[in-house]
Amino acid sequence: MSPPDVAAQLWPGDRVVRVERTSRHSPARPLAALRSLGRLTPQGERTPLNRSGPVVAAGAMTRESGDPPEHLRLFEALFGRDALTCARILHPWYPGLTRRTVLALAALQGVRDDVASEEEPGRIPHEVREPGDPVAARITAGNGWAWPYYGSVDATCSWIVLAATLARSDVALPDAPVVRRDGRTVTLHRCVRDAVDWLLHRIRTSPSGLVESVPRFAGSIENQVWKDSRDAYVHADGTLARVGTVASVEVQALAHDALVAASDLLGPGARLLRTARTLRDRVLTDFWVDGGDCGFFALGLDRDPSGRERRIAVRSSNMGHLLDSGILDGPDAAVARRRDLLVAELGRPDLLCAAGVRTLASSARGFRPDGYHTGSSWPWDTYVVASGLRRHGARAMADDLCRRIMAGYRATGHFPEFFSGDDEPVPHVGDLVVDVTDEQGHPHRICQPPQEVQAWTAATVLAVKRWTAPATPAATTPGRRRGPR
């Protein structure tokens with residue numbers, strides 16, 4: 001018999017093989033967001049964000065002495081997605097951070113095709129580690145990764161959006177020199193063009209015409225999006241989505257925005273805008289689950305073994321990201337209906353917990369309250385949803401989500417990756433490590449404590465403070481085209 005806090009995490013067929021309760025660190029006083037972000041840049045906490053390099057470490061420890069456990073030191077490295085998300089969130093107040101992040105990742109952009117690293121020309125890296133990094137050595141031994149590792153499909157889209165955003169306010173930026181990994185010097189404009197070519201190739205070679213996660217070898221990340229855990233994409237009946245065929249809904253929105261932004265930067269491009277329109281149409285039709293007087297956007301699509309597309313028809317935080325993109329902009333009545341119904345869905349109790357939006361609705365069969373991406377609540381994810389709600393006029397809902405984010409910060413005093421998605425009235429984080437084998441016999445860690453200081457959580461808390469302060473810029477995501485409300 002499993003204890004109640006373990007039993008809540010289990011799916012049918014799971015067999016528990018390990019349970020460990022870990023200790024949590026409580027800082028003597030709440031950590032400062034700006035100082036914590038400064039500590040994660042190459043120059044250290046004394047360097048202002050507008051003049052520093054990118055937020056190179058996705059997460060770090062708060063402990064001042066002792067040897068922290070390895071599972072709490074997994075993200076002391078540059079992650080493309082994390083760095084871009086921090087820059088995107090903080091861009092209205094710290095545009096210098098955006099510039100340095102874009103240029104630093106341009107220098108690491110893929111220049112060749114390599115299976116072990118999943119490097120492809122034009123692709124922005126997912127994870128960058130030094131050769132002597134013990135975590136890198138362990139991952140290489142266990143999974144066969146080479147470094148830098150490029151296994152994401154969303155980082156490249158985010159990078160294009162941010163590069164185009166910067167170019168609109170700095171006309172000289174596209175001509176900025178970039179020294180690539182192979183030693184060649186090119187312009188940032190060329191880097192953007194190569195990134196767009198990678199994106200177009202990914203769409204063109206997909207049987208579904210979408211941006212899919214397609215791991216290239218057995219040790220690859222299976223779901224190459226921000227919800228990258230093995231159990232993150234699960235159908236309404238509890239079966240896992242088919243690996244190599246998953247098209248996550250928010251990635252299609254990111255790809256749409258990247259193509260629209262690139263058409264502005266690279267010059268009029270009918271092909272880019274035509275592809276963007278096709279992605280938009282696909283999201284509005286194929287991802288929409290209509291319930292008559294209600295409805296929601298599916299978590300994604302996958303394909304069964306015969307190649308037939310299937311909706312992953314579960315309600316998740318991912319659909320909230322569409323409000324912060326151009327996908328749902330415009331006065332069209334059908335789009336407006338979907339937008340209004342989506343806003344209503346995001347306010348339902350089973351998608352909300354004390355800390356914010358749950359990654360997966362508690363009513364879903366695959367819900368785990370402390371699962372990494374299957375019920376927990378991530379502050380940056382909640383902030384993106386709040387930003388989208390605000391830009392579509394749902395200010396009261398957006399403000400409520402910001403209050404939940406700040407409640408999590410006050411409850412812990414630091415910047416954890418995620419919070420428990422249970423029904424407790426006060427935000428809190430779990431302390432369990434739970435390993436299981438599933439009904440197919442695959443080993444899987446279904447529960448683990450969050451990193452104590454995560455860069456995009458610190459960025460989120462800082463943005464909420466700036467957002468709610470008087471006379472600050474509107475907290476919108478850069479690069480998104482607005483339409484009539």
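Residues numbered from 1 in each chain as written. Predicted model: local features only at pLDDT ≥ 70, side-chain atom pairs only at ≥ 80, totals over all residues. Heavy atoms only, no water.

(A) Seen up close, the overall build of the chain. When its secondary structure is counted, the chain shows 13 helices and 16 strands. Here the chain holds 485 residues, and 62% of them are scored as buried. Considering only residue pairs separated by 6 or more positions, the chain has 69% of its internal contacts joining residues 24 or more positions apart. Of the roughly 18,600 Å² of accessible surface on the chain, a fraction of 53% belongs to carbon and sulfur atoms. (Helix = DSSP H or I, 4+ residues; strand = E, 2+ residues; numbered from the N terminus. Buried < 20%, exposed > 50% of the residue type's maximum accessible area, 1.4 Å probe, protein only. Contact = heavy atoms within 4.5 Å. Areas by Shrake-Rupley, 256 points an atom, 1.4 Å probe, with all protein chains shown as cover.)

(B) Structural context of unusual backbone geometry. The residue after Trp147, namely Pro148, is reached through a cis peptide bond having omega -10°. Mapped onto the elements of the fold, Pro148 is located in the loop between α5 (134-143) and α6 (155-169). Of note in this structure, Glu118 is not a glycine but carries a positive phi near 55°. Note that Glu118 resides in the loop between α4 (95-107) and β4 (127-128).

(C) Quick peek at helix α10 (residues 333-346). A rise of 1.5 Å per residue sets the reference length of α10, with its 14 residues, at 20 Å; its end C-alpha atoms lie 20 Å apart and thus fit the reference within 8%. Those residues of α10 lying buried are Val335, Ala336, Arg338, Arg339, Leu341, Leu342, Val343, Glu345 and Leu346. One side-chain oxygen at the N-terminal end of α10 lies 3.0 Å from the backbone nitrogen of Ala334; it belongs to Asp332. (Expected span 1.5 Å × (residues − 1). Polar contact = N/O pair within 3.5 Å; in protein donor to acceptor, adjacent residues only side chain to side chain.)

(D) Summary view of the sheet that holds strand β15 (residues 443-447). Judged by pairing direction, the sheet is antiparallel, and its three strands sit side by side in the order β1-β14-β15 without closing on themselves. Each of the sheet's edge strands pairs with one partner strand only, and the pair in question is β1 (15-21) and β15. Strand after strand, the sheet turns through a mean of 25° between neighbouring axes, direction not considered. In this structure, β1 lies alongside strand β14 (residues 432-437), joined through six bridges in antiparallel fashion. Across the sheet, the residue bridging to Arg18 is Asp435, located in β14. (Pairing = 2+ DSSP bridges. Axes fitted to C-alpha atoms, helices over the stretch in contact; angles between N-to-C directions.)

(E) Spatial organisation of the packing of helix α3 (residues 80-90) against α4. Two elements in contact, α3 and α4, have axes separated by 9 Å at closest approach and are oriented at 155°. On the basis of the axis angle, α3 is roughly antiparallel to α4. In this structure, α3 crosses over α4, and the sense of that crossing is left-handed. On α4, the residues touching Gly80, Ala83, Leu84, Cys86, Ala87 and Leu90 of α3 are Leu97, Thr98, Thr101 and Leu105. Here the residues of the contact of α3 with α4 are counted per class, giving seven nonpolar, three polar and no charged. (Parallel < 35°, antiparallel > 145°, perpendicular 65-115°, else oblique. Left-handed = near helix turned anticlockwise from the far one by under 90°. Nonpolar A, V, L, I, M, F, W, Y, C, P; charged D, E, K, R; others polar.)

(F) Representation of the nonpolar core in the model. Counting 126 residues, the largest nonpolar core has Trp159, Leu199 and Phe297 as its most contacted members. Looking at this core, the element that brings in the most residues is helix α8 (residues 249-266), giving twelve residues. Discounting residues that sit within four places of it in the chain, Phe297 has contacts with Val249, Val283, Leu284, Phe287, Trp288, Val314, Met319, Leu322, Leu328, Arg338 and Leu342. (Core = buried A, V, L, I, M, F, W, Y, C linked by side-chain atoms within 4.5 Å.)

(G) Quick peek at the environment of Ala195. Take Ala195: it is sitting in helix α7 (residues 188-204). In sequence terms Ala195 and Gln109 are 86 residues apart; their C-alpha atoms lie 8.3 Å from each other.

(H) The side chain of Arg303, seen in detail. By the element assignment, Arg303 lies in strand β10 (residues 300-303). When its relative accessible area of 11% is taken as the criterion, Arg303 is described as buried. Polar contacts involving the side chain of Arg303 include one to the side chain of Ser208, which spans 3.2 Å. Arg303 has contacts with Pro207, Ser208, Glu212, Arg242, Gly244, Thr245, Arg308, Glu309 and Arg310, leaving out every residue within four places of it along the chain.

(I) Just the sheet that holds strand β11 (residues 309-312), in detail. One open sheet accounts for three strands, arranged β7-β10-β11; its pairing is antiparallel. Each edge of the sheet is formed by a strand with only one pairing partner; in this case those strands are β7 (247-248) and β11. Alignment of β7 against β10, held across two bridges, turns out to be antiparallel. Residue pairing in the sheet places Ser248 in a bridge with Gly300 of β10.

(J) Highlighting the pattern of salt bridges. Counted according to the given criterion, the structure contains 37 salt bridges. A salt bridge links Glu212 to Arg303; the shortest N-O distance between them is 2.4 Å. In this pair, Glu212 sits in the loop between α7 and β7 while Arg303 sits in strand β10, placing the two residues 91 residues apart along the sequence. An identical accessibility class is assigned to Glu212 and Arg303; each is buried. Here Arg348 makes a salt bridge to Asp350, at a shortest N to O gap of 3.6 Å. (Salt bridge = Lys/Arg side-chain N within 4 Å of Asp/Glu carboxyl O.)

(K) Structural detail: the side chain of Thr457. For Thr457, the position within the fold is in helix α13 (residues 455-468). Relative accessible area serves as the criterion here: at 2%, Thr457 is assigned to the buried category. The contact partners of Thr457, leaving out residues within four places of it in the chain, are Pro379, Phe415, Pro416 and Glu417.

(L) Highlighting a positive patch on the surface. Positive charge collects at one region of the surface, where Arg204, Arg271, Arg274 and Arg277 lie side by side. Sort the elements by how many residues they give to the positive patch and helix α9 (residues 270-286) lands first, with three residues. Secondary-structure assignment places Arg274 in helix α9. For Arg274, a relative accessible area of 46% puts it in the partly exposed group. (Patch = residues over 30% accessible without salt bridge, like charges linked within 9 Å, V, L, I, M, F, W, Y side chains within 5 Å. Lys, Arg positive; Asp, Glu negative; His and termini not counted. Charge placed at Lys NZ, Arg CZ, Asp CG, Glu CD.)

(M) Structural view of the layout of surface pockets. Quantified by volume, the largest pocket comes out at close to 1,300 Å³. Around the largest pocket, the lining comprises 38 residues; the ones closest to its centre are Asn143, Ile221, Asp228, Ser229 and Gln448. Taken together, the elements giving at least two residues each to the lining of the largest pocket come down to α3, α5 and β15. The residue makeup of the lining of the largest pocket, split by class, is 16 nonpolar, twelve polar and ten charged. (1 Å grid on protein atoms, 1.4 Å probe; cavity = no way out; pocket = protein on both sides within 12 Å on 5 of 7 lines; lining within 4 Å. Points joined across faces, edges and corners; volume = space filled by probe spheres on them.)

(N) Spotlight on the packing of α6 against α7. Where α6 contacts α7, the axes come no closer than 10 Å and their chain directions differ by 145°. Here α6 and α7 pass one another in a crossing that is left-handed. Contact residues: α6 offers Thr156, Cys157, Trp159, Ile160 and Ala163, while α7 offers Leu188, Cys191, Val192, Ala195, Val196, Trp198 and Leu199. For the contact of α6 with α7, the per-class residue count stands at eleven nonpolar, one polar and no charged.

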